[in-house]
Amino acid sequence: MTTIAKCLQAIRDRIHNAESAAGRNQGEVMLLAVSKAHPTEAVRAAYAAGQQAFGENYLQEALAKQQELADLTIAWHFIGPLQSNKTQAIAQHFSWVHSVDRLKIAERLNAARPADLPRLQVCLQVNVSGETSKGGVAATEAFALAQAIAKLPRLQLRGLMAIPAPTNSIAKQRQQFRMVRELQEAMQAQGLTLDTLSMGMSDDFPAAIAEGATIIRVGSAIFGARQNVKLE
Ligand SMILES: *Cc1c(COP(=O)(O)O)cnc(C)c1O
């Protein structure tokens, strides 16, 4: 087995353990492998080990990888910051977008989603930590934005995504993830259909699973450390 296959297996075991500990069914949590800053060979190794969904943050990097990996059946998820001039390509080349946080971007994705593809699956990124440096809509504005996005015919609003402030305290991790789940529950109670919570990364995914995550986004625990360079 390759190192990546071993790491993937270890993550799957930890997902199952976290599901069991939380009294959740095995297989409720989907693993999104975040391959940003890693080469296509790493994606191929993970794919050979059974991984099919991959997340990318930077459009140009993602498009280059998609071309090189066109022989594989991969579901590509865009999880990075969204800019208006990137929406057309993102609407054409991804199955999911996790980082929608304003209506203008959602409208552009909706307008650009090709008619021959299924609806673009989207999550609303929410900022529960209140950190100004982070993307995401404020919790107080999330419901109105979700209602508007739910009306866009070429998008399917699936749920919420969050990147909480990093902390080593499991209690604080859980507290932040719980805020996201409670926001989802409040929005459901007001009539929105939301079945997805995209939350939890390499260092905090067990806490996210304990609080109801349905997609965890894991990069370095599968592929190793990234070089700290921004690729764009
Ligand atoms: C990079 C990234 C991840 C993966 O982070 P790791 O700590 O490497 O697991 C998950 N989500 C988003 C939005 C990211 O940018």
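All values derive from a computational prediction rather than experimental measurement.

Chemist: Looking at this structure, how should I read the overall build of the protein?
Modeler: When helices and strands are tallied, the protein shows nine helices and nine strands. For 232 residues, the compact-globule estimate of 2.2 N^0.38 gives 17 Å, and the C-alpha radius of gyration of the protein, at 17 Å, lies within 12% of that figure. With respect to the principal axes defined by its C-alpha atoms, the protein has extents near 50 × 40 × 30 Å. Long-range contacts, defined as pairs at least 24 residues apart, comprise 59% of the intrachain contacts of the protein with a sequence gap of at least 6. Approximately 10900 Å² of the protein is accessible, and the part contributed by carbon and sulfur atoms is 50%. Looking at the protein, you have 24 positive and 20 negative side-chain charges, and the mean spots of the two groups are 2 Å apart.

Chemist: Please clarify how the pattern of salt bridges should be interpreted in this entry.
Modeler: All told, the structure shown has ten salt bridges when counted by the stated rule. Between Asp 195 and Arg 158 there is a salt bridge, with the nearest N and O atoms lying 2.9 Å from each other. Taken together, the residues Asp 195 in the loop between α7 (170-189) and β8 (196-198) and Arg 158 in strand β7 (residues 155-162) connect sequence positions 37 residues apart. Of the residues examined, Asp 195 reaches a relative accessible area of 45% and is grouped as partly exposed. Residues joined in a network through salt bridges with shared partners are Arg 174, Arg 178, Arg 181, Glu 185 and Glu 211.

Chemist: Looking at this structure, how should I read the side chain of Gln 173?
Modeler: Tracing the backbone through its elements, the reader meets Gln 173 in helix α7. Its relative accessible area of 7% is what places Gln 173 among the buried residues. The residues touching Gln 173, leaving out its near neighbours within four places in the chain, are Thr 167, Asn 168, Asp 203, Asp 204 and Ala 207.

Chemist: Help me understand the environment of Gln 66 in this model?
Modeler: Here Gln 66 lies in helix α3 (residues 59-68). For Gln 66, a relative accessible area of 11% translates into the label buried. Separated by 47 residues in sequence, Gln 66 and Glu 19 have C-alpha atoms that sit 32 Å apart. Not counting the four nearest positions on each side in its chain, Gln 66 is found in contact with Trp 76, His 93 and Phe 94.

Chemist: Would you explain the pairing of strand β5 (residues 120-127) in this entry?
Modeler: Within a regular beta strand, the side chains point alternately toward one face of the sheet and then the other, so they alternate between its two faces. Counting buried residues along β5, eight of its eight residues qualify, which places the element largely inside the surrounding structure. Here β5 shows no split at all, with Leu 120, Val 122, Leu 124 and Val 126 on one side and Gln 121, Cys 123, Gln 125 and Asn 127 on the other all buried. Sheet topology places strand β4 (residues 96-100) next to β5; three bridges connect them, and they run parallel. Note on β5: the bridge partner recorded for Val 100 is Leu 124. Handedness of the crossover is the feature at issue here: the chain leaves β4, passes through helix α5 (residues 103-112), returns alongside β5, and the resulting connection is right-handed.

Parameters and conventions
Residues numbered from 1 in each chain as written. Predicted model: local features only at pLDDT ≥ 70, side-chain atom pairs only at ≥ 80, totals over all residues. Heavy atoms only, no water. Helix = DSSP H or I, 4+ residues; strand = E, 2+ residues; numbered from the N terminus. Rg over C-alpha atoms; globule rule 2.2 N^0.38 Å. Contact = heavy atoms within 4.5 Å. Areas by Shrake-Rupley, 256 points an atom, 1.4 Å probe, with all protein chains shown as cover. Lys, Arg positive; Asp, Glu negative; His and termini not counted. Charge placed at Lys NZ, Arg CZ, Asp CG, Glu CD. Salt bridge = Lys/Arg side-chain N within 4 Å of Asp/Glu carboxyl O. Buried < 20%, exposed > 50% of the residue type's maximum accessible area, 1.4 Å probe, protein only. Pairing = 2+ DSSP bridges. Right-handed = clockwise from strand over helix to strand, strands pointing away.

Fair warning: the whole summary comes from geometry, so function is off the table for now.
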